[in-house]
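# Understanding the architecture of this molecule
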Amino acid sequence: MKLYPPLMVLIGLLVQLGIAFGGPVQPLLSAVWQYAGVALMLLSFLTILLLARKFGRTETTILPDGDPSHLMEDGLFAYSRNPIYVAMALLLTGSGLATGQIWGLGVVPVFIFWVQIVWIAKEEENMEREFGQLYRNYKDRVRRWI
């Protein structure tokens with residue numbers, strides 16, 4: 001079974017919930033941080049949905065192991081080669097804040113490392129194979145994350 005990025009996020013959310021509600025530790029963050037976390041989660045989720053829609057409109061694959069047919073360089077892709085992964089990391093950041101447990105934020109760097117090793121390296125190989133110099137030029141202009 002492949003652990004696609006949305007499943008990786010779901011696992012991260014479950015770990016955060018386990019940390020927040022499975023232990024005897026009371027929330028450490030104030031309600032302001034928790035509300036900010038909820039807002040960040042909503043903004044991140046909306047961003048993911050809009051970017052997924054963009055993949056559909058351009059008729060290219062959103063699957064990280066799929067064969068790309070279009071190189072997206074505009075919108076958020078002008079600032080990050082992986083804006084969906086950035087949004088997923090921010091979603092996990094928001095959920096960590098929303099639970100009130102600062103320890104749940106430890107999931108975020110684990111997700112970033114995991115997605116980098118498992119998916120981004122493969123995606124970049126596919127993009128370079130498909131688009132060649134055009135993709136290498138894009139890589140030179142735009143950072144991987146932010």
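We now turn to the structure provided with this report. On a predicted model such as this, the values are computed, not experimentally measured, just so you know.

Conventions adopted
- Residues numbered from 1 in each chain as written.
- Predicted model: local features only at pLDDT ≥ 70, side-chain atom pairs only at ≥ 80, totals over all residues.
- Heavy atoms only, no water.
- Axes fitted to C-alpha atoms, helices over the stretch in contact; angles between N-to-C directions.
- Helix = DSSP H or I, 4+ residues; strand = E, 2+ residues; numbered from the N terminus.
- Parallel < 35°, antiparallel > 145°, perpendicular 65-115°, else oblique.
- Left-handed = near helix turned anticlockwise from the far one by under 90°.
- Contact = heavy atoms within 4.5 Å.
- Nonpolar A, V, L, I, M, F, W, Y, C, P; charged D, E, K, R; others polar.
- Patch = residues over 30% accessible without salt bridge, like charges linked within 9 Å, V, L, I, M, F, W, Y side chains within 5 Å.
- Areas by Shrake-Rupley, 256 points an atom, 1.4 Å probe, with all protein chains shown as cover.
- Salt bridge = Lys/Arg side-chain N within 4 Å of Asp/Glu carboxyl O.
- Core = buried A, V, L, I, M, F, W, Y, C linked by side-chain atoms within 4.5 Å.
- Buried < 20%, exposed > 50% of the residue type's maximum accessible area, 1.4 Å probe, protein only.
- Expected span 1.5 Å × (residues − 1).
- 1 Å grid on protein atoms, 1.4 Å probe; cavity = no way out; pocket = protein on both sides within 12 Å on 5 of 7 lines; lining within 4 Å.
- Points joined across faces, edges and corners; volume = space filled by probe spheres on them.

### Points about the packing of helix α1 (residues 5-22) against helix α3 (residues 83-99)
Contact pair α1 / α3: the axes reach a minimum separation of 10 Å and the direction vectors enclose 15 degrees. Taken as axis vectors, α1 and α3 run roughly parallel relative to one another. As for how α1 packs across α3, the hand of that crossing is right-handed. Along its contact with α1, which presents Pro5, Pro6, Val9, Gly12, Leu13, Gln16, Leu17 and Ala20, the element α3 presents Tyr85, Met88, Leu91, Leu92, Ser95, Gly96 and Thr99. Looking at side-chain class alone, the contact of α1 with α3 contains ten nonpolar, five polar and no charged residues.

### Some thoughts on a nonpolar patch on the surface
Together, Ile11, Val15, Ile19, Val25, Leu28, Ile102 and Trp103 line one region of the surface with nonpolar side chains, adding up to about 610 Å² of accessible area. Its place among the elements puts Leu28 in the loop between α1 and α2 (31-57).

### A closer look at the nonpolar core
Core analysis: the biggest nonpolar cluster contains 28 residues, and Tyr85, Met88, Phe111 and Val115 have the highest contact counts within it. Looking at this core, the elements that each hand over two or more residues are α1, α2, α3, α4 (107-131) and α5 (133-141). When residues no more than four places from it in sequence are discounted, the contact partners of Phe111 are Pro5, Met8, Val9, Tyr85, Met88, Ala89 and Leu92.

### Details of the environment of His70
Its location among the elements puts His70 in the loop between α2 and α3. Owing to a relative accessible area of 35%, His70 belongs among the partly exposed residues under this scheme. Taking the C-alpha atoms as reference points, His70 and Arg81, separated by eleven residues in sequence, lie 13 Å from one another. Those residues in contact with His70 that sit more than four places away from it in its chain are Thr58, Thr60 and Phe131.

### Some words on α2
Between its terminal C-alpha atoms α2 stretches 39 Å, which fits the 39 Å expected from 27 residues at 1.5 Å a residue. Listed in full, the buried residues belonging to α2 are Gly37, Ser44, Ile48, Leu51, Lys54 and Phe55. On its buried face, α2 sits against α3.

### Considerations on the side chain of Lys54
Here Lys54 lies in helix α2. Owing to a relative accessible area of 15%, Lys54 belongs among the buried residues under this scheme. Those residues in contact with Lys54, other than ones at most four positions away along the chain, are Met72, Asp74 and Phe77.

### Focus: the layout of surface pockets
What the largest pocket holds in volume is close to 670 Å³. Looking at the largest pocket, it is lined by 32 residues, and the ones nearest its centre are Phe55, Ile62, Ile84, Tyr85 and Glu123. At the level of secondary structure, the elements contributing two or more residues to the lining of the largest pocket comprise α1, α2, α3, α4 and α5. Take the lining of the largest pocket: its biggest share by element is five residues, from α3. Looking at the lining of the largest pocket residue by residue, the class counts come to 23 nonpolar, six polar and three charged. Looking at the second largest pocket, its volume works out to about 170 Å³. Along the walls of the second largest pocket sit 13 residues, with Thr47, Leu76, Pro83, Val86 and Leu90 positioned nearest its centre.

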